[in-house]
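Fold and geometry: a report
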Amino acid sequence: MADAVEAARARIDRALNDLERKVRELKARPAPIRDDDLFAPRPGDGAETGNAARVAELETAADEASKALSRAADEVRAMLNGED
């Protein structure tokens, strides 16, 4: 059971690391916005398209991490309930 817990922990760590890496990459890109607020609309300055793309990428990364964490949590629950 300890090996399975370690495997689940490793999956959680990888999911979180992937999410953090994707967020760092998105924040490192030059953005067509004037501050660090990824979700702030800037009507009229042409940044709507850039903001929408960045938000979509963040949402995708968060969704992927959420699914990975959910799978890992299911595995941990199964182990705790004595399932294999």
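The structure we're discussing is the one just above.
First, a word on scope: everything that follows refers to the structure included in this document. (Residues numbered from 1 in each chain as written. Predicted model: local features only at pLDDT ≥ 70, side-chain atom pairs only at ≥ 80, totals over all residues. Heavy atoms only, no water.)

A few points about the overall build of the protein chain
Check the secondary structure of the protein chain and you find two helices and zero strands. In the protein chain, which comprises 84 residues, the proportion classed as buried is 20%. Put simply, 59% of the contacts in the protein chain that link residues at least 6 apart link residues at least 24 apart. (Helix = DSSP H or I, 4+ residues; strand = E, 2+ residues; numbered from the N terminus. Buried < 20%, exposed > 50% of the residue type's maximum accessible area, 1.4 Å probe, protein only. Contact = heavy atoms within 4.5 Å.)

Section: the pattern of salt bridges
Inspection of every chain in the model, using the stated rule, returns six salt bridges. Between Arg11 and Glu75 there is a salt bridge; the shortest N-O distance is 2.0 Å. With Arg11 in helix α1 (residues 2–28) and Glu75 in helix α2 (residues 48–80), the pair connects residues that are 64 residues apart, well separated along the chain. We classify Arg11 as partly exposed; its relative accessible area is 25%. Residue Glu75 is classed as partly exposed on the basis of its relative accessible area, which comes to 31%. Among the salt bridges present, the one from Asp63 reaches Lys67, with a minimum N-O distance of 3.2 Å. Residue Asp63 and its partner Lys67 are located together in helix α2, separated by four residues, close to a single helical turn. (Salt bridge = Lys/Arg side-chain N within 4 Å of Asp/Glu carboxyl O.)

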